[in-house]
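Summary of the model geometry
What follows is each chain in one-letter form.
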Amino acid sequence: YTAVRTALLALAVDLGAFRSARNKVNTPPTIANGTTAGRFQHTGNLAFEIDGICYSKSATDDVWNLSGLTTLTGAQYQATALCYDSAGTQSIVTGATAATAAAALALGLAGVGSTVAVIGVFVANPSTNYANALSSQGTLYQGRPLATVTYAAPAAVTASVTLISP
C-alpha cells in the first residue's frame, strides 16, 4: 500500500508540473522595473493561456511586488516566478535559495501551480536587496524559461536545468 501510495503521489506531482509548464504566454510582455522600487511592471499588453483558454491583460505598473522578500546573502541565488491567474490576478512564486542561478531557477519554477501562467521569472543574484530597483540585481526572463525539474520524491526536488531563453 505504501509503495503504491508513494508512486501515485509522485505521479500527481509530475502531472501538476506538466500542467503548470503547459500554461504559457502567447504575446511576450516587456517586463521592467516598476515605478515603485522592489516591483515589476509589464509595459505592453499581453496574452496568455491557462489550460488551453486564452486570457489577456493590459499594461500594468507595479504589478508584482517583491519588496517584502528577504535580502540575499553573498552566496545565494533565488528565483521568483511572476504570474497571472485566469481572473487576471497577479501572484509571485518564490523558490528556495540555491548556490547557483540554474538551481534557483529550477526550484522557483517547481513551486508554480497549474492554475497560473508564468509571465516572467526574476533570478536574483547574491546580495540582492528586494527593496531597491530589481532588474540590475539579477536576470529577468520574459516569459517562462525552459527548465527540467526531476522529482526524486513528492517532498524533494532535484534540479537538473537547461536554460533556453524564450
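Quick look at the structure, then. (Residues numbered from 1 in each chain as written. Predicted model: local features only at pLDDT ≥ 70, side-chain atom pairs only at ≥ 80, totals over all residues. Heavy atoms only, no water.)

1. Looking at the packing of aromatic side chains
The condition that has to hold: Side-chain rings of Phe, Tyr and Trp (the six-membered ring for Trp) are treated as a pair once their centres are within 6.5 Å; stacked means planes under 30 degrees apart, edge-to-face means over 60, and tilted covers the remaining angles. Segments assigned H or I by DSSP are reported as helices when at least four residues long, segments assigned E as strands when at least two residues long, and all are numbered from the N terminus. Whether a residue is buried, partly exposed or exposed follows from its accessible area with a 1.4 Å probe, protein chains only, as a fraction of its type maximum: under 20%, in between, or over 50%, in that order.
Going through the model one piece at a time under the given rule, you end up with four aromatic pairs. Ring geometry for Trp64 against Tyr84: centres 5.4 Å apart, planes inclined by 50 degrees, an arrangement best described as tilted. Here Trp64 is found in strand β6 (residues 60-65), whereas its partner Tyr84 is found in strand β7 (residues 78-85), with 20 residues between them in sequence. Both residues of the pair, Trp64 and Tyr84, belong to the buried class.

2. Quick notes on the sheet that holds β6
To be explicit about the condition: In this analysis, strands are considered paired if DSSP registers two or more bridges between them. Structural elements are reduced to axes, namely lines fitted to C-alpha atoms, with helices fitted over the stretch in contact, and the angle between N-to-C directions of any two is expressed from 0 to 180 degrees.
Taken in spatial order, the three strands of this open sheet run β2-β3-β6, and their pairing is antiparallel. Unpaired on one side and paired on the other, β2 (31-33) and β6 mark the two borders of the sheet. Direction aside, the axes of adjacent strands within the sheet are offset by 40 degrees on average. In the sheet, β2 pairs with strand β3 (residues 39-42) via three bridges, with the strands oriented antiparallel. Each residue of the ladder has a partner; that of Ala32, found in β3, is Gln41.

3. Looking at the side chain of Gln78
Using the following cut-off: Any N or O atom pair separated by 3.5 Å or less is treated as a polar contact, with the protein-specific requirement of one donor-capable and one acceptor-capable atom, and with residues adjacent in sequence counted only for side-chain atom pairs. We call two residues contacting when some pair of their heavy atoms lies within 4.5 Å.
Among the structural elements, Gln78 can be located in strand β7. Looking at Gln78, its side chain comes within polar contact range of the side chain of Tyr130, at 3.0 Å. The contact partners of Gln78, leaving out residues within four places of it in the chain, are Leu72, Thr94, Gly95, Ala96, Thr97, Ala104, Phe122, Val123, Ala124 and Tyr130.

4. A closer look at the nonpolar core
Keep this limit in mind: We call a set of buried residues a nonpolar core when its members are Ala, Val, Leu, Ile, Met, Phe, Trp, Tyr or Cys and they connect through side-chain atoms within 4.5 Å of each other.
With 18 residues, the main nonpolar core has Phe40, Trp64, Leu66 and Ile119 as its most contacted residues. Elements supplying a minimum of two residues to this core: β4 (46-50), β6, β7 and β9 (116-124). No other element matches β9, which puts four residues into this core. The next biggest cluster of nonpolar side chains, apart from the first, holds twelve residues, and it includes Ala79, Ala81, Cys83 and Val118.

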